[in-house]
Amino acid sequence: MAREIVLDTETTGFDPKTGDRLIEVGCIEIEDLLPTGRTYHTLVHPERLIPPDAIRVHGITDEKVRGAPKFREVVHDLMAFIGDAPVIAHNAAFDRAFIDHECGLCGHELLEETRWIDTLKLAQSRFPGMANSLDALCKRFKISLVERTLHGALIDARLLAEVYLELKGGKERRLDLSSARTTAASVASAAATGGYGPRPRPLAARSTEAERAAHLAFLRENLKDRSLWAAYGLDVEAA
């Protein structure tokens, strides 16, 4: 399976080079474009005060991070969760700059630039000239924003995971996945419930009795697992 990590951060500002710091990181694990349910989330003490303008965006105050761990105390857990997977972020250069800056401060190895996948660039390629913020993409793909009143790393990572799925194929991808997992049992269930309803005028068989007998003889002789045919209502043994 293709394992990827969807990541989002919240910060004290826009540029780590001017003293801004990371204050929250959230990650969602996906495999073959579907969330596995595994997440990583933590607040991070920024070792500085959080400006009011930043608080208005994400609602994270100095009080909320007062007892939070510093980045150097969580970096090993974060990197262990990411592992060797590609990292997906919206406007990835922003998140990468802060992650790299924090790793540099504590002497931790940086994530390779080639591992970062930028959904903003994917969206700009697909929708040139259109608004491609995370909010705009959620609205375009009809992804609910009801639960999100303020920006939050884990909430935004969840939304981004849905956006990434849509950018990579969306509902068509979901259909492909569900079709691949269809079993003989589900086929049998659909047949038993008459999913399409009976024909008002049943079609006459186009095979002869001799052809049907030859077919059953072939099945009995060559097939060990006859469940597929049973799913379509044909009992090989009884026949």
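Residues numbered from 1 in each chain as written. Predicted model: local features only at pLDDT ≥ 70, side-chain atom pairs only at ≥ 80, totals over all residues. Heavy atoms only, no water.

Colleague: Even after reading the chapter, I still don't get the packing of helix α4 (residues 119–126) against helix α6 (residues 153–167), so can you show me in this structure?
Modeller: Think of two packed helices as two axes; the pair is described by the angle between the axes and how far apart they sit. Across the interface, α4 lies against α6 with an axial gap of 11 Å and an inter-helix angle of 40°. Considering their axes alone, α4 and α6 lie oblique with respect to each other. The element α4 and its partner α6 pack so that their crossing is left-handed. On the side of α4, the interface is formed by Thr119, Leu122, Ala123 and Arg126, while α6 contributes Leu160, Tyr164, Glu166 and Leu167. Taken together, the residues of the contact of α4 with α6 break down into five nonpolar, one polar and two charged. (Axes fitted to C-alpha atoms, helices over the stretch in contact; angles between N-to-C directions. Helix = DSSP H or I, 4+ residues; strand = E, 2+ residues; numbered from the N terminus. Parallel < 35°, antiparallel > 145°, perpendicular 65-115°, else oblique. Left-handed = near helix turned anticlockwise from the far one by under 90°. Contact = heavy atoms within 4.5 Å. Nonpolar A, V, L, I, M, F, W, Y, C, P; charged D, E, K, R; others polar.)

Colleague: Quick question: what am I supposed to make of the sheet that holds strand β5 (residues 116–118) here?
Modeller: What holds strands together in a sheet is hydrogen bonding between their backbones, with the strands either parallel or antiparallel. Pairing is mixed across the open sheet formed by five strands, whose spatial order is β3-β2-β1-β4-β5. Among the strands making up the open sheet, the edge pair consists of β3 (34–43) and β5. Looking at each pair of strands side by side, their axes are set apart by 25° on average, direction ignored. In this structure, strand β4 (residues 87–89) lies alongside β5, joined through three bridges in parallel fashion. (Pairing = 2+ DSSP bridges.)

Colleague: Could you clarify how one ought to interpret the pattern of salt bridges in this entry?
Modeller: A pair can form between side chains of opposite charge whenever their charged atoms are brought close. Tallying each qualifying case throughout the model produces 11 salt bridges. With a shortest N-O distance of 3.3 Å, glutamate 112 and arginine 115 are connected by a salt bridge. Residue glutamate 112 is classed as partly exposed on the basis of its relative accessible area of 39%. Here the salt bridges share partners, and the residues they tie into one network are Arg21, Glu47, Arg72 and Glu102. (Salt bridge = Lys/Arg side-chain N within 4 Å of Asp/Glu carboxyl O. Buried < 20%, exposed > 50% of the residue type's maximum accessible area, 1.4 Å probe, protein only.)

Colleague: So what exactly am I meant to see when it comes to the pairing of β3 here?
Modeller: Note on strand geometry: in a regular strand, side chains alternate between the two faces of the sheet. Note that strand β2 (residues 22–31) and β3 share seven bridges and pair antiparallel. Across the sheet, isoleucine 30 pairs through a bridge with proline 35, a residue of β3. A loop of two residues connects β2 with β3, the two strands running antiparallel in sequence, and aspartate 32 in this loop sits at a positive phi of about 50°.

Colleague: When you look at the packing of aromatic side chains in this model, what are you seeing that I'm missing?
Modeller: Any aromatic ring pair is given by two values, namely how distant the centres are and how the planes are angled relative to each other. All chains considered together, the criterion is met by three aromatic pairs. Geometrically, the ring pair formed by tyrosine 40 and phenylalanine 81 is tilted, given 6.1 Å between the ring centres and 35° between the ring planes. Of this pair, tyrosine 40 sits in strand β3 while phenylalanine 81 sits in helix α2 (residues 71–82); the two residues are 41 residues apart in sequence, bridging distant segments of the chain. Side by side, tyrosine 40 and phenylalanine 81 carry an identical accessibility label, which is buried. It is arginine 140 that lies over the ring of phenylalanine 127; its NZ or CZ is 4.6 Å from the centre. (Phe/Tyr/Trp six-rings, centres within 6.5 Å; stacked < 30°, edge-to-face > 60°. Lys NZ or Arg CZ within 6 Å of the ring centre and 35° of its normal.)

Purely geometric stuff here, so don't read any function into it on its own.
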